[in-house]
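# Residue-level structure breakdown
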Amino acid sequence: MDLLRQQGKIRKYQVLSRFPGRIGRIYQEKLANRVLHFETYKAFDEALRHCSQMICIDIGANVGTITSIMAQSASRVFAFEPDPWAFTRLSYATEKLQNVTLINAAAGISDNDVRLFRRKEFDSDPILHSAASSVFMNKHSDTGNTFLVGQVDIIDFLLEMEEDVGIIKIDAEGAEVPILERLLDHDTLANKIHYVFAETHERIFPELSARYLALRNKCDESLRPHVNLNWP
């Protein structure tokens with residue numbers, strides 16, 4: 001991860017946060033988020049070092065930025081990406097990485113076809129909005145830009161592995177909720193995984209707020225895996 005670049009932005013926001021009035025308040029919030037993200041990236045870098053030559057899994061790989069970083073130290077990386085636009089670019093980004101296996105499917109808690117919804121603004125900027133494609137419909141979903149994709153039961157997928165898993169990164173636009181619920185309730189599987197980094201989406205899915213709160217409490221108590229829910 002480019003930690004020096006992140007530190008540069010933090011210094012910039014520290015200056016701007018001292019401005020009076022509305023501008024200062026805006027950058028105070030930006031600064032708090034940037035510091036949190038920096039600490040998460042730093043923790044991710046440390047986890048990569050601790051889990052060198054172990055398996056890593058990227059759920060919601062998008063165009064392959066994190067997959068490529070994982071591949072530098074992992075024995076093998078399994079990258080899940082259901083959106084065909086993003087999967088094409090993921091394939092280009094990782095085509096020379098011999099230790100990466102790409103899976104053009106969503107990760108969930110069952111093996112079946114699911115409907116993928118793209119964001120309303122997708123066509124105007126696919127590079128930006130492809131990361132928001134989701135199998136959970138929400139207020140940003142374009143109901144006219146949707147299609148069926150395969151879904152892999154990630155719990156069964158993990159149970160079939162004989163080795164421990166170093167890191168799982170989850171950026172799955174709502175799907176992190178059932179995945180983490182099932183994973184943390186499975187004692188055998190939880191002990192097989194060292195680190196989980198996940199982005200949560202409380203603002204997008206307010207109907208899941210109680211489940212998000214329960215997850216945060218459970219993750220705070222978890223010794224294995226170590227779970228960080230502040231992925232940017």
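Refer to the structure printed above.
Notes on the structure in this doc start here. Position numbers for residues count from 1 along each chain, tracking the sequence in the order it is written. A pLDDT threshold of at least 70 governs which residues receive local features in this predicted model, and a stricter bar of 80 or more applies before side-chain atom pairs are shown or counted, although totals over entire chains, interfaces and linings include all residues. With hydrogens and water stripped out, all remaining heavy atoms of the structure feed into the side-chain values.

## Details of the sheet that holds strand β8 (residues 193–198)
- Pairing within the open sheet is parallel, and its 6 strands lie in the order β3-β2-β1-β7-β8-β9. Of all the strands in the sheet, the pair left with one neighbour each is β3 (100–103) and β9 (226–228). Taken pair by pair, the neighbouring strands of this sheet meet at an average axis angle of 10°, ignoring direction.
- With 5 bridges connecting them, strand β7 (residues 165–170) and β8 associate as parallel partners. Pairing of Val165 across the sheet is with Ile193, part of β8.
- What makes two residues a contact is simply this: any of their non-hydrogen atoms within 4.5 Å. Axes here refer to lines fitted to C-alpha atoms; in helices the fit is confined to the stretch in contact. Angles between the N-to-C directions go from 0 to 180 degrees. Secondary structure counts use DSSP, requiring at least four H or I residues in a row for a helix and at least two E residues in a row for a strand, with both numbered from the N terminus. Seen against the sheet, helix α7 (residues 176–184) touches β7, β8 and β9 and runs at an angle of roughly 150° to β7. Strands are labelled as partners when DSSP assigns at least two bridges between them.

## Structural notes on the nonpolar core
- Core analysis: the largest hydrophobic core is formed by 34 residues, its most contacted members being Ile57, Ile59, Phe80, Ile154, Leu158, Ile168 and Ile170.
- Per element, the largest residue contribution to this core is 5 residues, and it comes from α7.
- Within the second largest apolar cluster, 18 residues are counted, among which are Ala47, Ile69, Met70 and Trp231. The criterion is simple. A nonpolar core is a set of buried Ala, Val, Leu, Ile, Met, Phe, Trp, Tyr and Cys residues joined through side-chain atoms within 4.5 Å. Relative accessible area decides the class of each residue, using a 1.4 Å probe on protein chains only: under 20% of the type maximum gives buried, over 50% gives exposed, and in between gives partly exposed.

## Details of the packing of α7 against helix α9 (residues 209–221)
- For the pair α7 and α9, interaxial distance at closest approach is 11 Å and the crossing angle is 40°. By the criterion of interaxial angle, the relationship of α7 to α9 is oblique. As α7 runs across α9, the sense of the crossing is left-handed. Every residue of α9 that contacts α7 at Glu176, Val177, Pro178, Leu180, Glu181 and Leu184 is listed here: Arg211, Tyr212, Leu215, Lys218 and Cys219.
- In this classification, the charged set is Asp, Glu, Lys and Arg, the nonpolar set is Ala, Val, Leu, Ile, Met, Phe, Trp, Tyr, Cys and Pro, and all remaining amino acids, among them Gly, are polar. Split into classes, the residues belonging to the contact of α7 with α9 amount to 7 nonpolar, no polar and 4 charged. Geometric relationships in this document are graded by angle, where less than 35 degrees denotes roughly parallel, more than 145 denotes roughly antiparallel, 65 to 115 denotes roughly perpendicular, and other angles denote oblique. Note on convention: the crossing is left-handed when the near helix lies turned anticlockwise from the far helix by less than a right angle, right-handed when the turn is clockwise.

## Points about the sheet that holds strand β6 (residues 141–153)
- Taken together, the 3 strands give an open sheet; going across it, the order is β4-β6-β5, and neighbouring strands pair in mixed fashion. The open sheet is flanked by β4 (106–108) and β5 (112–119), the only strands paired with a single partner. Across the sheet, the mean angle from the axis of one strand to that of its neighbour is 50°, orientation sign disregarded.
- Two elements, β5 and β6, share 8 bridges in a ladder whose sense is antiparallel. Directly across from Phe117, in β6, lies its bridge partner Thr146.

## What about the environment of His186?
- As for its placement among the helices and strands, His186 is situated in the loop between α7 and α8 (187–190).
- Given a relative accessible area of 25%, His186 falls into the partly exposed group.
- Between the alpha carbons of His186 and Ile155 there is a distance of 8.9 Å; along the sequence they are 31 residues apart.
- Not counting chain neighbours up to four residues away, the residues in contact with His186 comprise Ile155 and Leu159.

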